[in-house]
Amino acid sequence: LEALPHLDGGIVVEQAEAIERLRALVDEMEERYRRLREAGVANLAAYNAKVAPERRLPMRWLVHDEFADWMLTD
């Protein structure tokens, strides 16, 4: 999976890095919610249809596997 061209930053295996990346994604999510609210739309597809092409936002996905391993750490 490491070689996938659309994988941003590779596969994260260290917990500290994963926490950092998750926090960054939460910040981005909050910014996106603000932009959607200002545009008066309820979802990303409606936002992208309403704004100029240079302001469109890409779809982002987070896949989290082995969550049980995190439950075993402090």
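Residues numbered from 1 in each chain as written. Predicted model: local features only at pLDDT ≥ 70, side-chain atom pairs only at ≥ 80, totals over all residues. Heavy atoms only, no water.

Draft legend 1. Quick peek at the overall build of the chain. For the chain, the helix and strand inventory stands at three helices and zero strands. Along the chain direction, N to C, the helices and strands of the chain fall in the order α-α-α. Its C-alpha radius of gyration of 16 Å places the chain more than 25% over the 11 Å reference for a compact globule of 74 residues. Oriented by its inertia axes, the alpha-carbon framework of the chain measures out at about 45 × 30 × 15 Å. When each of the 74 residues of the chain is scored for burial, the buried share is 16%. Accessible surface computed for the chain: about 6,400 Å², of which carbon and sulfur atoms make up 57%. Here the chain contributes 10 positively and 15 negatively charged side chains, and the mean placements of these two sets differ by 14 Å. (Helix = DSSP H or I, 4+ residues; strand = E, 2+ residues; numbered from the N terminus. Rg over C-alpha atoms; globule rule 2.2 N^0.38 Å. Buried < 20%, exposed > 50% of the residue type's maximum accessible area, 1.4 Å probe, protein only. Areas by Shrake-Rupley, 256 points an atom, 1.4 Å probe, with all protein chains shown as cover. Lys, Arg positive; Asp, Glu negative; His and termini not counted. Charge placed at Lys NZ, Arg CZ, Asp CG, Glu CD.)

Draft legend 2. How the structure looks around a nonpolar patch on the surface. A cluster of nonpolar side chains, namely Leu1, Leu4, Leu7, Ile11 and Val13, defines an oily patch on the protein surface of about 480 Å² accessible area. A residue is classified by how much of its surface remains accessible, and Leu7, at 33% relative accessible area, is partly exposed. (Patch = residues over 30% accessible without salt bridge, like charges linked within 9 Å, V, L, I, M, F, W, Y side chains within 5 Å. Salt bridge = Lys/Arg side-chain N within 4 Å of Asp/Glu carboxyl O.)

Draft legend 3. Broad picture of the nonpolar core. Within the largest apolar cluster, seven residues are counted, these being Leu36, Ala39, Val41, Leu44, Tyr47, Val51 and Leu57. At the level of secondary structure, the elements contributing two or more residues to this core comprise α1 (15-39) and α2 (44-50). (Core = buried A, V, L, I, M, F, W, Y, C linked by side-chain atoms within 4.5 Å.)

Draft legend 4. Structural context of α1. With 25 residues, α1 should reach 36 Å at 1.5 Å per residue; the first-to-last C-alpha distance of 36 Å fits that figure. Contacts made by the buried residues of α1 are with α2 and α3 (67-71). Phi turns positive one or two residues past the end of α1, at Gly40, with a value near 75°. (Expected span 1.5 Å × (residues − 1). Contact = heavy atoms within 4.5 Å.)

Draft legend 5. Quick peek at the environment of Glu54. Tracing the backbone shows Glu54 in the loop between α2 and α3. On the basis of relative accessibility, which here comes to 68%, the residue Glu54 falls in the exposed class. Taking the C-alpha atoms as reference points, Glu54 and Pro5, 49 residues apart in sequence, are found 22 Å from one another.

Draft legend 6. The pattern of salt bridges, seen in detail. Within the structure shown, the criterion is met by six salt bridges. Residue Glu28 is joined to Arg60 by a salt bridge in which the shortest nitrogen-to-oxygen separation is 3.0 Å. With Glu28 in helix α1 and Arg60 in the loop between α2 and α3, the pair connects residues that are 32 residues apart, well separated along the chain. Classification of Glu28 as partly exposed rests on a relative accessible area of 24%. A residue is classified by how much of its surface remains accessible, and Arg60, at 44% relative accessible area, is partly exposed. Close ionic contact of Glu38 with Arg34 constitutes a salt bridge, the shortest N to O distance being 2.5 Å. Of this pair, Glu38 and Arg34 both sit in helix α1, four residues apart, which is roughly one turn of the helix.

Draft legend 7. Here's a closer look at the side chain of Arg35. Positionally, Arg35 belongs in helix α1. Filtering out sequence-adjacent residues up to four positions away, Arg35 remains in contact with Tyr47, Arg55 and Leu57.

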